[in-house]
Each structure stands twice: as structure tokens, then as C-alpha cells.
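Chain by chain, the residues:
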Amino acid sequence: MWYHKPDINEELLQSLPNLKIVASSGVGIDHLDLNLLSSYGVKLSNTPFVVSTDTADLGLALMLASSRRLVEGYQMAVSPKTEYFPADWLGAELSGATLGIVGMGTIGYKVAERAKAFEMKILYHNRNQRKKEEESAVGAIYCKKIDDLLHQSDFVLLSVNLTPQTHKLIGKRELELMKPTATLINISRGLVVDQDALVEALHKKVIKAAALDVTYPEPLPRDHPLLKLKNVIITPHIGSATKKTRRLMMENMTESIQAGLTGLPIPNEVS
């Protein structure tokens, strides 16, 4: 499967009685019915580890672009209407700011490693607390309750899998807990955020800005209000979109398929 295609539904599975394995690109599996696959005896693999470095890089890129208002700045610099650069046109600094990471898996941890180099204070919320030595390596502080993280963070970065528990994890209540100077960054899945609530929060300046690599749907309808807001940066789901990583993803998928067809242990099997 590449870009969630083809659709793996019952009709397809019935038409492929000898199907042994589905190899899905990327880390997310929210587009697949695991119970349905299991009922047909079909195994599943994904490519969770090769995408982590590039996705973490993009998370930091979105944080920098939003805080320093790079998109607005570019538009000002190239606009035929620009006659001078205003001295009071200012962004926000990362150094010394507090980053709250929601979801401290492989990607979230790599974001923390990068943020440490910017001398950021790092908070994180996760189902399970990381080992003390892992926390110490990046200077991360565990928040058992997400509310504590939201209250304190200048930047809130979402790096969780989409599950029934994380569906619209960030809604009106959570946005209102954030600082009015805070920025929301989403590199996970669009449905982790209640987009209607986000639009309202951005309009009413409940939070300052958002930087999103993911939305729902993708792409957004061309008249969607998120596309009209100056305090929003949206990229086209490019977390893993580098030549090297996309090649590695395909190699991972090929290895899993070969293993699945020959009865060997499947790398990155989703159980």
C-alpha cells in the first residue's frame, strides 16, 4: 500500500484468497481494519522506524517557520506592494521556550533531541513514562496529565498515532488550556485535532498560531477557513518525503513481503 491505496476492504480480500500479507508504507495504520485482515489470516507490516528522522526534522522546521513567521515574511519580501520592511514586524524565539511533546515515541523523542540543541525546556505526555536515562539525555520532564503540559508550553507538538483514544485529542477544552501566545504543531494525523475548534481558537486568538503537516481531509477543500488564516502554516503531509527515506520505505516493504511469502519472521509486523 502506498498513500493508503488500494483500499483493503472485504470485497478485495474475498477476491484475493491467496493473499498472505499487506505491506503498508509509513507508520500510521488507522486506514486499515486490523480485525478484518486478521479474520482473513492476512498479516500486516508497516515502516515505522525509517520515517522518524525526517518527520522529526519537519516538526522542528514547522516550529521554526511558525515562530519566525517565515511564510508571512516571504510574502512580504516578494510582494509588489512592499515599499519597506517594518521594524516592528517580530517573531518569537525558540531558545529558552517550553516545548510540550504529546506522544514521546520514536519521532517525539527525536524532536526532543533536536529541541535540546535549541536550549528549549522540554515537557512530554505519553501513555508510559520514558526511562530516567532517556529523559536525562534530552532534559525532558514527564507530565502524567496532558493538561499540565498544555498550561505550560509555548509550543505543543503532536506526535501520536491516531486511535480511538487520540481521535480529536485536542479540542476546544484543550486549546483553551494553552497559552494565548502558544503555537500548535501537528505532525501526526489530522483527526488528532478538532479542526473546527482550532479554526475558532485561531480566529479568537485563544492560541497564537498553528503549523500543520496533516489535516482532514487531505488536501483541504479550497474554501476551508484554515487556508485563509495568516497565523497558520500548512504543508502537504511531507513528514517522510525525502528521496532517501521513501526509497528505504519501499525497501522495508519489499523485505516484509518476501518474508511473509516465504514464512520467515516479518520485519515490522503489526500484531
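Quantities reported herein were computed from a predicted structural model and do not represent experimental measurements. (Residues numbered from 1 in each chain as written. Predicted model: local features only at pLDDT ≥ 70, side-chain atom pairs only at ≥ 80, totals over all residues. Heavy atoms only, no water.)

A look at the UniProt feature "domain: D-isomer specific 2-hydroxyacid dehydrogenase NAD-binding" (unreviewed entry) in the protein chain
The condition is simple: UniProt positions are given in the numbering used here, feature names are shortened, and annotations may be inferred rather than shown by experiment. Labels follow the DSSP assignment, with helices taken as runs of H or I lasting at least four residues and strands as runs of E lasting at least two, numbered in each case from the N terminus.
Under the feature "domain: D-isomer specific 2-hydroxyacid dehydrogenase NAD-binding" (unreviewed entry), the UniProt entry names residues 60–239. In residues 60–239, the share of helix is 32% and the share of strand is 16%. The end C-alpha atoms are 11 Å apart.

Quick notes on the nonpolar core
In plain terms, the rule: Working definition of a nonpolar core: buried Ala, Val, Leu, Ile, Met, Phe, Trp, Tyr and Cys residues. They are joined through side-chain atoms within 4.5 Å. Note on exposure labels: buried denotes an accessible area under 20% of the residue type's maximum, exposed denotes more than 50%, and partly exposed covers the range between, all computed with a 1.4 Å probe on protein chains only. In what follows, a contact means two residues having at least one pair of non-hydrogen atoms within 4.5 Å.
If you look at the biggest cluster of nonpolar residues, it comprises 30 residues, and the most contacted ones within it are Leu175, Leu184, Leu198 and Leu226. Counting residues per element, the ones that place at least two in this core are helix H7 (146–152), strand E6 (155–158), helix H8 (172–177), helix H9 (195–203) and strand E8 (209–212). Looking at this core element by element, the count peaks at 5 residues for H9. For Leu198, the contacting residues outside a window of four places in its chain are Leu175, Leu184, Val193, Ile207, Ala210, Leu212 and Leu226.

Structural notes on the domain arrangement of the protein chain
The line we're drawing: Note that the domain bounds reflect an automated or database-derived domain assignment. Buried area: the accessible surface (1.4 Å probe) lost by two parts on joining, summed over both.
Domain boundaries assigned for the protein chain yield domain 1 (10–49 + 242–270) and domain 2 (52–78 + 91–234). Its C-alpha centre places domain 1 at a distance of 30 Å from the equivalent point of domain 2. Contact residues are listed per partner, giving 7 residues for domain 1 and 6 residues for domain 2. Between domain 1 and domain 2, the buried area comes to about 550 Å², and carbon and sulfur atoms account for 39% of it. Taken as a group, Val27, Asp30 and Phe49 account for 65% of the area that domain 1 buries against domain 2, more than any other trio of residues on that side.

Comments concerning the sheet that holds strand E5 (residues 140–142)
Worth spelling out the cut-off: Two strands make a pair as long as DSSP finds a minimum of two bridges between them. Axis lines are fitted to C-alpha atoms, over the contacting stretch for helices. Their N-to-C directions set the angle, which ranges from 0 to 180 degrees.
The strand order across the open sheet formed by 7 strands is E5-E4-E3-E6-E7-E8-E9, and the pairing between neighbours is parallel. Two strands bound the open sheet, and with one partner strand each, they are E5 and strand E9 (232–234). Averaged over all pairs of adjacent strands, the angle between their axes in this sheet comes to 15 degrees, without regard to strand direction. Bridge analysis of strand E4 (residues 121–125) against E5 gives 3 bridges, and the strand direction is parallel. Within the sheet, the bridge partner assigned to Ile122 lies in E5 and is Ala140. Sheet contacts for H9: strand E7 (183–186), E8 and E9; angle to E8, the most-contacted strand, approximately 140 degrees.

Quick notes on the packing of helix H3 (residues 52–67) against helix H5 (residues 106–117)
We apply this condition: Relative orientations are named as follows: roughly parallel for angles under 35 degrees, roughly antiparallel for angles over 145 degrees, roughly perpendicular for angles from 65 to 115 degrees, and oblique for any other angle. Working rule for handedness: look at the near helix, and if it is turned counterclockwise from the far one by less than a right angle, call the crossing left-handed; if clockwise, right-handed.
The N-to-C vectors of H3 and H5 enclose an angle of 50 degrees; their axes lie 8 Å apart at closest approach. Considering their axes alone, H3 and H5 lie oblique with respect to each other. As H3 runs across H5, the sense of the crossing is right-handed. For the pair H3 and H5, the contacting residues are Ser52, Thr53, Thr55, Ala56, Asp57 and Leu60 in the first and Thr106, Ile107, Lys110, Val111 and Arg114 in the second.

A look at the pattern of salt bridges
The test is simple: Note on definitions: salt bridges are taken to be side-chain nitrogens of Lys or Arg within 4 Å of carboxyl oxygens of Asp or Glu.
Across all of its chains, the model carries 12 salt bridges by this definition. A salt bridge links Asp154 to Lys179, with the nearest nitrogen and oxygen atoms 3.0 Å apart. On the criterion of sequence distance, the pair formed by Asp154 in the loop between H7 and E6 and Lys179 in the loop between H8 and E7 is long-range, its members being 25 residues apart. Among the ionic pairs, Lys172 bridges to Glu176, the shortest N-O distance being 2.7 Å. One end of the pair is Lys172 and the other is Glu176, both in helix H8 and 4 residues apart, which spans about a single turn. Residue classification places Glu176 among the partly exposed residues on the basis of a relative accessible area of 47%.

Observations regarding the environment of Pro80
In this structure, Pro80 sits in the loop between helix H4 (70–78) and strand E3 (98–102). According to the relative accessible area criterion, Pro80 is exposed, its value standing at 82%. A sequence separation of 28 residues divides Pro80 from Ser52, and the C-alpha atoms of the two residues are 40 Å apart.

Some details on the UniProt feature "domain: D-isomer specific 2-hydroxyacid dehydrogenase catalytic" (unreviewed entry) in the protein chain
UniProt records the feature "domain: D-isomer specific 2-hydroxyacid dehydrogenase catalytic" (unreviewed entry) at residues 2–270, using the numbering of this structure. From the first C-alpha to the last, residues 2–270 spans 17 Å; its make-up is 36% helix and 13% strand.

Digging into unusual backbone geometry
Between Lys5 and Pro6 the backbone carries a cis peptide bond, its omega angle lying at 0 degrees. Positive phi outside glycine occurs at Lys205, with the angle close to 60 degrees. A positive phi angle is found at His237, which is not glycine, with a value near 50 degrees. Under the relative-accessibility criterion, His237 is labelled partly exposed at 27%.

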